[in-house]
Amino acid sequence: AEHVDEDEALRAARERVPHEGDVVLRIADLEKSFGEAKVLDEVNLDVHAGEVVAIIGPSGSGKTTLIRTMNHLESVDDGRVELDGELVGYRIDGSGKVTEQPDAAVAAQRRRVGMVFQRFNLFPHMSVLDNLTLAPVSLGLMNEGEAKREAERLLDKVGMAAHRDKFPYQLSGGQQQRVAIARALAMQPEVLLFDEPTSALDPELVGEVLEVMTNLARDGMTMVVVTHEMKFARKVADWIVFMDGGRIIDQGPPESLLDASSNERIRSFMRRVT
Ligand code: ADP
């Protein structure tokens with residue numbers, strides 16, 4: 001019964017018109033090849049403020065490549081990635097010529113788009129607390145005291161406050177991933193990207209990470225999540241994007257995309273994974 005109440009609370013907290021409002025991230029006509037292989041083909045996607053977009057689809061369909069372009073970790077051959085209307089990683093001069101942005105500008109944009117990786121990527125030689133304060137302090141966004149207070153608040157939010165002085169090797173994978181989420185939040189990103197955040201975890205540790213993500217969604221964080229966790233996608237996502245062969249072959253709210261798509265490839269995928 002508790003579960004039902006929780007789901008209802010989440011739904012009530014996130015009552016919204018699906019996929020409408022201010023566009024934070026816009027992907028337009030994206031094309032990307034690795035050598036001869038086309039990995040992204042005519043990809044178009046808008047991410048709206050406060051929504052959770054889940055990207056699903058078979059292995060090798062381009063999900064990770066797509067989410068990496070949103071942070072300029074992956075370059076594109078054609079098309080645009082825009083953050084609040086500005087091109088990510090590029091700029092257009094008066095004559096319409098597209099050029100690469102200077103590194104500092106790319107770094108500034110990247111700061112506004114947080115990323116949580118499959119394999120946590122914490123700094124191994126630093127305490128949990130230092131993992132969170134390093135970037136905000138060294139980039140001059142906060143002084144030591146402010147960064148420490150903010151880090152403590154965020155660690156509390158992900159249930160890791162008691163572990164602030166530990167090192168990553170002393171933590172389970174689920175705990176490391178929760179710290180990695182807090183570290184991404186410490187930069188106060190406008191959007192948080194998750195690339196299969198639970199796929200490197202032992203099954204019994206998946207739930208604690210999904211719970212943290214669910215709470216973030218409830219708080220109104222804008223999130224894009226590549227995931228194989230269909231229950232999570234169904235419950236938390238406002239919008240689901242299905243990729244196959246480098247294309248978005250369908251997108252829509254969970255109930256129509258997961259349960260009622262007319263696309264046979266999606267129906268057969270759903271039969272395999274659920
Ligand atoms: P997914 O996340 O859906 O599993 P990926 O985006 O990881 O898909 O990969 C899409 C395709 O691009 C795959 O065929 C993969 O082998 C290929 N690919 C991904 N990264 C690279 C790379 N750095 N160099 C060459 N091919 C790559």
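Residues numbered from 1 in each chain as written. Predicted model: local features only at pLDDT ≥ 70, side-chain atom pairs only at ≥ 80, totals over all residues.

- In the annotation of an unreviewed UniProt entry, the entry for the chain reads ABC-type polar-amino-acid transporter, and the organism field reads Epidermidibacterium keratini.

### Here we look at the overall build of the chain
(1) Moving on: Helix and strand counts for the chain come out as 10 helices and 12 strands.
(2) Moving on: Its C-alpha radius of gyration of 19 Å places the chain within 12% of the 19 Å reference for a compact globule of 274 residues.
(3) Moving on: Taken across its 274 residues, the chain has 37% of its residues classed as buried.
(4) Moving on: Put simply, of all contacts in the chain between residues at least 6 apart along the chain, 65% involve residues at least 24 apart. (Helix = DSSP H or I, 4+ residues; strand = E, 2+ residues; numbered from the N terminus. Rg over C-alpha atoms; globule rule 2.2 N^0.38 Å. Buried ≥ 20, exposed ≤ 12 C-beta atoms within 10 Å, placed from the backbone. Contact = placed C-beta atoms within 7 Å.)

### Some thoughts on the sheet that holds strand E9 (residues 191-195)
(1) Moving on: The 6 strands lie next to each other as E8-E9-E10-E3-E11-E12, forming an open sheet whose pairing is mixed. The outermost strands of the open sheet, each flanked by one partner alone, are strand E8 (113-116) and strand E12 (247-252). The mean inter-strand angle of the sheet, taken between neighbouring strand axes irrespective of direction, is 20°.
(2) Moving on: Relative to E12, strand E11 (residues 239-244) runs antiparallel, the two sharing 5 bridges. Within E12, the position partnered with Val241 by the bridge is Gln251. (Pairing = 2+ DSSP bridges. Axes fitted to C-alpha atoms, helices over the stretch in contact; angles between N-to-C directions.)

### Regarding the packing of helix H4 (residues 128-138) against helix H6 (residues 173-185)
For any two helices packed against each other, the geometry is given by the interaxial angle and the distance between the axes.
(1) Moving on: Relative to each other, H4 and H6 sit at 25°, their axes nearing to 8 Å. For the element pair H4 / H6, the angle class is roughly parallel. Note that H4 runs across H6; the crossing there is right-handed. Two secondary-structure elements touch here, H4 through Val128, Asn131 and Leu132 and H6 through Val179, Ala182 and Arg183.
(2) Moving on: Classifying every residue of the contact of H4 with H6 gives 4 nonpolar, 1 polar and 1 charged. (Parallel < 35°, antiparallel > 145°, perpendicular 65-115°, else oblique. Left-handed = near helix turned anticlockwise from the far one by under 90°. Nonpolar A, V, L, I, M, F, W, Y, C, P; charged D, E, K, R; others polar.)

### A look at the site of the ligand
(1) Moving on: By nearness alone, every residue bordering the ligand is listed as Phe34, Ala37, Val39, Gly57, Ser59, Gly60, Ser61, Gly62, Lys63, Thr64 and Thr65.
(2) Moving on: In terms of residue count, the dominant contributor to the shell around the ligand is helix H2 (residues 63-69) (3 residues).
(3) Moving on: A class-by-class count of the residues in the shell around the ligand yields 3 nonpolar, 7 polar and 1 charged. (Near = placed C-beta within 6 Å.)

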